[in-house]
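Next come the chains, spelled out residue by residue.
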Amino acid sequence: MATHWKYLPILKWKQGERIALQHLTSAQWDALVPLIELPPIVATPDAAGLRAVLPAYLAKLASELKKTFPEGATFAIDVRYVAPAYKRQVQLLQVICTQLAKLSERKIIPVITQSMLIQQPQDLGDLKTFPEVVLRIITGFTQADTIDEMVKLLAKEGLTRSRLHLLIDQFSIVNEASAARVALVKPYLDAALAVNVASTTLAGGAFPINLMGMGQGVKDLPRVEWQIWKILRKDAKYKMIRYSDYTVSNPAPVPDMDPKMVNPSVAIRYAADGFWRLFKAGGFKKGKPNQYKNLCLLLLGDAIYSGAAFSFGDACYDKAANAKLGNGNPSSWRRDATSHHLVLTAAAL
């Protein structure tokens, strides 16, 4: 039987995201299956170099997965950023998912990318050992009428429609008009529904890649992906479409930057119905003390605050507002924001 979810959050496996997941309740877990974009591995692209470093990489990941996910939990894994220069990406996906499933004792659904279908179609049959797979389609890189061809190719390699989930990913849609995006994505959804697979999920991410250029204070940022979802749900034709987003991150990969050269702004990214309310202060390094505390006080006085009992992140905001905890750190900011976002979104679906 194919795995069911209401919510497929796409996560970059940052520490703050992992802690947020650890504090979900069993009822909240019932609604979601996370998709994890595994972080890069430091390795040469050749097979020998990859084999040398892969065991330690997988052992660390398995330890994190066991700590993060409860027994019996299911999640999907995308390896596109692990070793992008390595030519056998399907083989890499198969090995990583097989080993992590064994080491973590958790159920894993491999994520097939469009490039795998083009570059290594002969290897796709290696994924038949998994009961289910996800085919992730980035709308900006393909046409809707190719979806049927992709599904037929997978079926030819033994990955039948009953075990196939389609993820229609709009990727970055920051500040785009939701109505216009609905018109653009409908042909993809229509094509996905027509091929009669296990499920179709619509993803997108509208949070900016960084907060540069945004002044200090309070500002609302549109959750375009959620607005699109709400418009689509008014049409009975799309009632079966499932939801996915990138929580409080931009879909683009995190740039490789020297932490010593970056001074992130102290901020709260607080999800609401159709928007994020951004509470932004000054720089973190050598910044004023208790900036995060003061932002939390602003949040607690705002009508959109859900209350300390709503999520682990909301309890952290309450604690920070009522104690001298300084400014926290980028990991704790992501933890609190991701926790609230996950619980709010799962509850709304």
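All figures in this text were calculated on a predicted structure; none of them were measured in a lab.

Enquirer: Quick one: what's the story with the overall build of the chain, residue by residue and with numbers?
Expert: Across its full length, the chain holds 11 helices and 11 strands. The C-alpha atoms of the chain give a radius of gyration of 20 Å, which matches the 20 Å a tight globule of 349 residues would have. Summarising its shape, the C-alpha atoms of the chain cover approximately 60 × 50 × 35 Å along the three principal directions. Put simply, of all contacts in the chain between residues at least 6 apart along the chain, 75% involve residues at least 24 apart. Accessible surface for the chain amounts to roughly 15,500 Å². Of this, 57% is attributable to carbon and sulfur atoms.

Enquirer: Would you mind going over the state of the cysteines in detail, with residue names and values included?
Expert: The final tally for this structure, using the stated rule, is 0 disulfides. There is no disulfide at Cys-296, and the cysteine sulfur nearest it, in Cys-316, is 9.1 Å away. Judged by relative accessible area, Cys-296 falls into the buried class, the value being 0%.

Enquirer: I'd like to hear about the pattern of salt bridges, residue by residue, with values.
Expert: Counted under the stated rule, the structure contains 19 salt bridges. With its nearest N and O atoms 3.1 Å apart, the salt bridge here joins Asp-148 to Lys-152. Placement of the pair is Asp-148 and Lys-152 together in helix 6 (residues 147-156), with a separation of 4 residues, close to one helical turn. The shortest N-O distance in the salt bridge between Asp-220 and Arg-277 comes to 2.7 Å. In this pair, Asp-220 sits in strand 8 (residues 217-222) while Arg-277 sits in strand 11 (residues 275-283), placing the two residues 57 residues apart along the sequence. Ionic contacts of the salt-bridge type, sharing partners, join the residues Lys-12, Glu-37, Asp-78, Arg-80, Arg-136 and Asp-169 into one network.

Enquirer: I'd like a description of helix 3 (residues 47-68), backed by residues and values.
Expert: The first and last C-alpha atoms of helix 3 sit 30 Å apart over 22 residues, in line with the 32 Å expected at 1.5 Å per residue. Along its length, helix 3 reaches its greatest deviation from straightness, about 40°, at Leu-54, and the proline Pro-55 lies no more than four positions downstream. Residues Gly-49, Leu-50, Leu-54, Tyr-57, Leu-58, Leu-61, Ala-62, Glu-64, Leu-65 and Thr-68 constitute the buried set of helix 3. Against the buried residues of helix 3 lie helix 1 (15-22), helix 2 (26-29), strand 2 (35-37), strand 3 (74-78) and helix 4 (89-104).

Enquirer: Describe the environment of Gln-170, with residues and values.
Expert: Positionally, Gln-170 belongs in strand 6 (residues 164-172). The spacing of Gln-170 and Glu-225 is 55 residues in sequence and 8.6 Å in space, taken between C-alpha atoms. Look past the residues within four positions of Gln-170 in its chain and what remains in contact with it is Thr-139, Arg-181, Val-185, Leu-202, Ala-203, Gly-204 and Ile-228.

Enquirer: Talk me through the sheet that holds strand 8; I want residue IDs and the actual numbers.
Expert: Taking strand neighbours across the sheet as the criterion, the 3 strands line up as 8-11-10 in an open arrangement whose pairing is antiparallel. Two strands lie at the open edges of the sheet, namely strand 8 and strand 10 (265-272), each paired on one side alone. Going from strand to strand, the sheet's axes swing by 25° on average, the running direction of each strand aside. Pairing analysis gives 6 bridges linking strand 8 to strand 11, with the strands arranged antiparallel. Looking at the pairing, Pro-222 lines up with Phe-275 of strand 11. Together, strand 10 and strand 11 form the strand contacts of helix 11 (residues 330-348), whose direction differs from that of strand 10 by roughly 5°.

Enquirer: I'd like to hear about the pairing of strand 5 (residues 133-138), residue by residue, with values.
Expert: With 6 of its 6 residues buried, strand 5 lies for the most part within the structure. Judged by which residues are buried, strand 5 turns out to be covered on both faces: Val-133, Leu-135 and Ile-137 on one side and Val-134, Arg-136 and Ile-138 on the other are all buried. Sheet topology note: the strand 4 (residues 107-113)/strand 5 ladder contains 3 bridges and is parallel. Looking at the pairing, Ile-112 lines up with Leu-135 of strand 5. Pairing analysis gives 6 bridges linking strand 5 to strand 6, with the strands arranged parallel. Bridge pairing in strand 6 links Val-134 to His-165. In this fold, strand 5 hands off to helix 6, which returns the chain to strand 6; that crossover is right-handed.

Enquirer: Quick one: what's the story with the pairing of strand 7 (residues 199-205), residue by residue and with numbers?
Expert: When you tally the buried positions in strand 7, you get 7 out of 7 residues, the bulk of the element. With burial as the criterion, each face of strand 7 is covered, one bearing Ser-199, Thr-201, Ala-203 and Gly-205 and the other bearing Thr-200, Leu-202 and Gly-204. For strand 6 and strand 7, the ladder comprises 6 bridges, and the chain directions are parallel. By the bridge assignment for strand 7, His-165 is matched with Ser-199. In this region the chain leaves strand 6, passes through helix 7 (residues 178-194) and returns to the parallel neighbour strand 7; the handedness of that crossover is right-handed. In this sheet, strand 9 (residues 242-243) lies alongside strand 7 in parallel orientation, the contact comprising 2 bridges.

What counts, and where the lines are drawn
- Residues numbered from 1 in each chain as written.
- Predicted model: local features only at pLDDT ≥ 70, side-chain atom pairs only at ≥ 80, totals over all residues.
- Heavy atoms only, no water.
- Helix = DSSP H or I, 4+ residues; strand = E, 2+ residues; numbered from the N terminus.
- Rg over C-alpha atoms; globule rule 2.2 N^0.38 Å.
- Contact = heavy atoms within 4.5 Å.
- Areas by Shrake-Rupley, 256 points an atom, 1.4 Å probe, with all protein chains shown as cover.
- Disulfide = S-S within 2.5 Å.
- Buried < 20%, exposed > 50% of the residue type's maximum accessible area, 1.4 Å probe, protein only.
- Salt bridge = Lys/Arg side-chain N within 4 Å of Asp/Glu carboxyl O.
- Expected span 1.5 Å × (residues − 1).
- Bend = angle between axes of the 7 residues up to and from the residue.
- Pairing = 2+ DSSP bridges.
- Axes fitted to C-alpha atoms, helices over the stretch in contact; angles between N-to-C directions.
- Right-handed = clockwise from strand over helix to strand, strands pointing away.

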